[in-house]
Amino acid sequence: MLGDDAELTAAVLAAQDGDETAFRTVYRSVHPRLLGYVRTLVGDPDAEDVASEAWLQIARDLERFSGDADRFRGWAARIARNRALDHIRMRGRRPAIGGDETELTGKAAESDTAGEAMEALATDGTLSLIARLPQDQAEAVVLRVVVGLDAKTAAETLGKRPGAVRTAAHRGLKRLAELLGDDPESAGVLDALPPQREPRGRAVTSASVTQMRSRTQKDV
């Protein structure tokens, strides 16, 4: 198990025993990428609120979770996806972010940039590009590349077969590579992972989620 995964697994286990510091560690580790996933589903204006609702459920149900870091990321992503789909049903449709998917079908890039995209697709600017993809491709790319799930765990999150998720991710990355090849200015968004965002509006912080966990435990 990789170092970061071992640390997250240990933090999840400690959080299940009521360690609020450990829960904050879990939140800081998972939230930025989970928020990126939610953004591709519901768009920027509502992503913080939907992610907050997901974290409240994660806090409520954490004691029922069983597994390692990768399974936790998949479990959290599944909860976030359900909250996002509920939100979409209430609003009527998935928001269109940044343009039409036909913009992604331009000429092939001069070099194979899929590998570069694979390493850097977690930036704010590139997430807006991912959101232009068909939903199955966008979700597959974000779960595999941004959230960091393996194909099996991503497939469990989406209720699909691992092969279907691999295919969707491959197609999505190919389209993104074509777009990046057509638009050199887009390369500027591929330099680093996004910084953690401070929740705004009704969004919760890790501290408020742990307070909610404490209240829930007292009520049980």
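Just so it is clear, the structure is predicted and the values come from calculations on it, not from any experiment. (Residues numbered from 1 in each chain as written. Predicted model: local features only at pLDDT ≥ 70, side-chain atom pairs only at ≥ 80, totals over all residues. Heavy atoms only, no water.)

1. Brief notes about the confidence of the model for the chain
- In this model, the chain carries an average pLDDT of 74, and 65% of its residues clear a pLDDT of 70 or more.
- For the chain, the element scoring lowest by mean pLDDT is helix 5 (residues 114-120), at 42; helix 3 (residues 44-61) scores highest, at 94.
- In this model, residues 96-122 is a region of pLDDT below 50 whose contacts with residues beyond four sequence positions or in other chains number 49 contacts.
- Within the model, pLDDT remains below 50 along residues 184-204, and this stretch shows 40 contacts once partners closer than five positions in the same chain are excluded. (pLDDT = per-residue confidence, 0-100. Helix = DSSP H or I, 4+ residues; strand = E, 2+ residues; numbered from the N terminus. Contact = heavy atoms within 4.5 Å.)

2. Regarding the packing of helix 2 (residues 20-42) against helix 7 (residues 135-146)
- For the pair helix 2 and helix 7, interaxial distance at closest approach is 10 Å and the crossing angle is 175°. As the angle between them shows, helix 2 and helix 7 are arranged roughly antiparallel. Contact with helix 2, carried on its side by Arg33, Gly36, Tyr37, Thr40 and Leu41, involves Gln135, Glu139, Val142, Leu143, Val145 and Val146 of helix 7 and no other residues of that element.
- Each residue belonging to the contact of helix 2 with helix 7 can be placed in one class, and the counts come to 6 nonpolar, 3 polar and 2 charged. (Axes fitted to C-alpha atoms, helices over the stretch in contact; angles between N-to-C directions. Parallel < 35°, antiparallel > 145°, perpendicular 65-115°, else oblique. Nonpolar A, V, L, I, M, F, W, Y, C, P; charged D, E, K, R; others polar.)

3. Remarks on the packing of helix 4 (residues 69-91) against helix 8 (residues 151-158)
- The geometry of helix 4 relative to helix 8 is characterised by a closest axis approach of 9 Å and an angle of 25° between their N-to-C directions. For the element pair helix 4 / helix 8, the angle class is roughly parallel. Between helix 4 and helix 8 lies a crossing of right-handed hand. In contact with Asp70, Arg71, Gly74, Ala77, Arg78 and Arg81 of helix 4, helix 8 contributes Thr153, Glu156, Thr157 and Leu158.
- A class-by-class count of the residues in the contact of helix 4 with helix 8 yields 2 nonpolar, 3 polar and 5 charged. (Left-handed = near helix turned anticlockwise from the far one by under 90°.)

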